[in-house]
Amino acid sequence: MSGPTNQPAIVAFADLDDTLFQTLRKLPGIDPHTLTPATVSTRGEAHSFCTPAQAELLRLLACGGVTVIPVTGRDLAAMARVTLSFTSWKIVDHGLTLIAPDGEVETEWAGHVRVHLHDLQEALAAATAHLEARAQRLGCRLTRHHAHDLPFMTVLKHPDAHAEALEELQLRWEAFLTDQGLENLQIIANANNVSVLPRLLGKLEAVQHLRQRHFSDAVLTFGLGDSLSDLAFMSACDFAITPPRGQLLRAVNAARLPQR
Ligand SMILES: [Mg+2]
């Protein structure tokens, strides 16, 4: 079902934000006339944009008959604000929700996710509670996110993306998970937020599930992403594509690995 008959499927699993598009804040000095609108804000205004290179990459994939599958932390509402056209499957909620091409939530995956989340509720609640007072004192906000009616992630944000406050709270969270032996949870961080979410169920597992169930005939797969949290699903593909100024390449460059 993944492509025209007799034609081997080629699939690109692609993170969205900061991989296929980004906000203007991340594009200093660029001529706005060269940009392609990619998302709208909650008020319906253009919010994120593709650079000419990103737009050309999408065009190239489309010309090559490549099925592009978003693999995003966005929830359904935020996915609906993406104005680029994706007509196949979509992986949202950091992998916890699969949307079929007809727009329906895949119920088998939802059931699997619910069982997994059920066992994590106590740990998630404890991790969230552990940070609450200190987060408030540092002017940060904690938001619980749900998938299939169950909490699955708590996101910490500072209104001005205060780096020191976020770092202090991230370290505090990581120490809590280690001290309590909560190995089924992980912390992921980017420029303006820190999140606690399941470690063993996410983008990678969703990509594996989709490949097994719906794209087992794929002869070539690409993984596109910018963040360390994308690394696992990108590593499960035949080739990985990552932008030069993303978290992933910055981390690799900083590691200055010995060349052997
Ligand atoms: Mg990203």
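Remember, it's a predicted structure, so these values are computed and weren't measured experimentally.

*Asks:* With reference to specific residues and values, describe the pattern of salt bridges.
*Replies:* Using the criterion set out here, one finds nine salt bridges in the structure. Residues Arg-74 and Asp-17 are paired through a salt bridge, measuring 2.7 Å at the closest nitrogen-oxygen approach. Residue Arg-74 is found in the loop between β5 (67-70) and α2 (76-80), and its partner Asp-17 is found in the loop between β1 (9-14) and β2 (22-23); the two are separated by 57 residues along the sequence. The network of salt bridges with shared partners includes Asp-15, Lys-203 and Asp-230.

*Asks:* Describe the sheet that holds strand β8 (residues 141-147), naming the residues involved and giving the relevant values.
*Replies:* Here four strands make up an open sheet; going across it, the order is β8-β9-β11-β10 and the pairing antiparallel. With one partner strand each, in any of the chains shown, β8 and β10 (185-190) form the two edges of the open sheet. Pairwise comparison of adjacent strand axes, ignoring direction, gives a mean angle of 25° for this sheet. The pairing of strand β9 (residues 150-157) with strand β11 (residues 193-198) spans four bridges and is antiparallel. Across the sheet, residue Lys-157 finds its bridge partner in β11, namely Asn-193. Each of β8, β9, β10 and β11 touches helix α3 (residues 107-137); the most contacted strand, β9, lies at about 30° to it.

*Asks:* Requested: an account of the coordination of the magnesium ion, with residues and values cited.
*Replies:* Coordination of the magnesium ion by the protein is provided by Asp-15 (OD), Asp-17 (O) and Asp-226 (OD), with metal-donor distances spanning 2.1 to 2.2 Å. Positions of the donor residues of the magnesium ion, expressed as sequence spacing, correspond to D-x1-D-x208-D. A relative accessible area of 5% places Asp-15 in the buried class.

*Asks:* Provide a residue-level description of the side chain of Asn-193, including the pertinent values.
*Replies:* Here Asn-193 lies in strand β11. Using a relative accessible area of 14% as the deciding quantity, one classes Asn-193 as buried. Here Asn-192 takes part through its side chain, which lies 3.1 Å from a polar atom of the side chain of Asn-193. Non-local contacts of Asn-193, meaning those with residues more than four positions away in its chain, are made with Val-155, Leu-156, Lys-157, Leu-166 and Ile-188.

*Asks:* Describe unusual backbone geometry, naming the residues involved and giving the relevant values.
*Replies:* Backbone geometry places Asp-18, a non-glycine residue, at a positive phi of 70°. Within the fold, Asp-18 resides in the loop between β1 and β2. Residue Asp-18 is classed as partly exposed on the basis of its relative accessible area of 26%. With phi around 70°, Asp-149 is a residue other than glycine that occupies positive phi space. Mapped onto the elements of the fold, Asp-149 is located in the loop between β8 and β9. Taking the relative accessible area as the measure of exposure, Asp-149 reaches 70% and is therefore exposed.

*Asks:* Give a detailed account of the domain arrangement of the chain, specifying residues and quantitative values.
*Replies:* Along its sequence, the chain is organised into domain 1 (9-96 + 202-255) and domain 2 (114-198). Residue-level contacts link six residues of domain 1 with twelve residues of domain 2. At the boundary of domain 1 with domain 2, total buried surface from both sides reaches about 670 Å², with 62% on carbon and sulfur atoms. Broken down residue by residue, the surface that domain 1 buries against domain 2 is led by Asp-93, His-94 and Leu-96, which jointly contribute 63%. Put simply, domain 1 and domain 2 have zero salt bridges between them. Taken together, the links from domain 1 to domain 2 amount to two residue pairs in polar contact (both at pLDDT 80 or more).

*Asks:* Now, about helix α1 (residues 52-63): what can you tell me, with residues and values included?
*Replies:* Between its terminal C-alpha atoms α1 stretches 16 Å, which fits the 16 Å expected from twelve residues at 1.5 Å a residue. Considering only its buried residues, α1 is in contact with β1, β2, β4 (46-50) and β5. Gly-65 sits one or two residues past α1 and shows a positive phi near 70°.

*Asks:* Could you give me a rundown of the sheet that holds strand β3 (residues 36-40), with the residues and numbers involved?
*Replies:* Pairing is antiparallel in the open sheet, where three strands are placed in the order β2-β4-β3. Of all strands in the sheet, those bounded by a partner on one side alone are β2 and β3. Pairing between β2 and β4: two bridges, direction antiparallel. Looking at β4, one finds that Thr-23 is bridged to Ser-48. Sitting on the sheet, α1 is in contact with β2, β3 and β4, with an inclination near 70° to β4.

*Asks:* Account for the environment of Ala-125, naming residues and giving values.
*Replies:* Mapped onto the secondary structure, Ala-125 falls in helix α3. Overall, the relative accessible area of 46% leaves Ala-125 in the partly exposed class.

The rules behind these values
Residues numbered from 1 in each chain as written. Predicted model: local features only at pLDDT ≥ 70, side-chain atom pairs only at ≥ 80, totals over all residues. Heavy atoms only, no water. Salt bridge = Lys/Arg side-chain N within 4 Å of Asp/Glu carboxyl O. Helix = DSSP H or I, 4+ residues; strand = E, 2+ residues; numbered from the N terminus. Pairing = 2+ DSSP bridges. Axes fitted to C-alpha atoms, helices over the stretch in contact; angles between N-to-C directions. Contact = heavy atoms within 4.5 Å. Donors = N, O, S within 2.8 Å, 3.2 Å for Na, K, Ca; no water. Buried < 20%, exposed > 50% of the residue type's maximum accessible area, 1.4 Å probe, protein only. Polar contact = N/O pair within 3.5 Å; in protein donor to acceptor, adjacent residues only side chain to side chain. Domains from an automatic or database assignment. Buried area = accessible area lost by both parts, 1.4 Å probe. Expected span 1.5 Å × (residues − 1).

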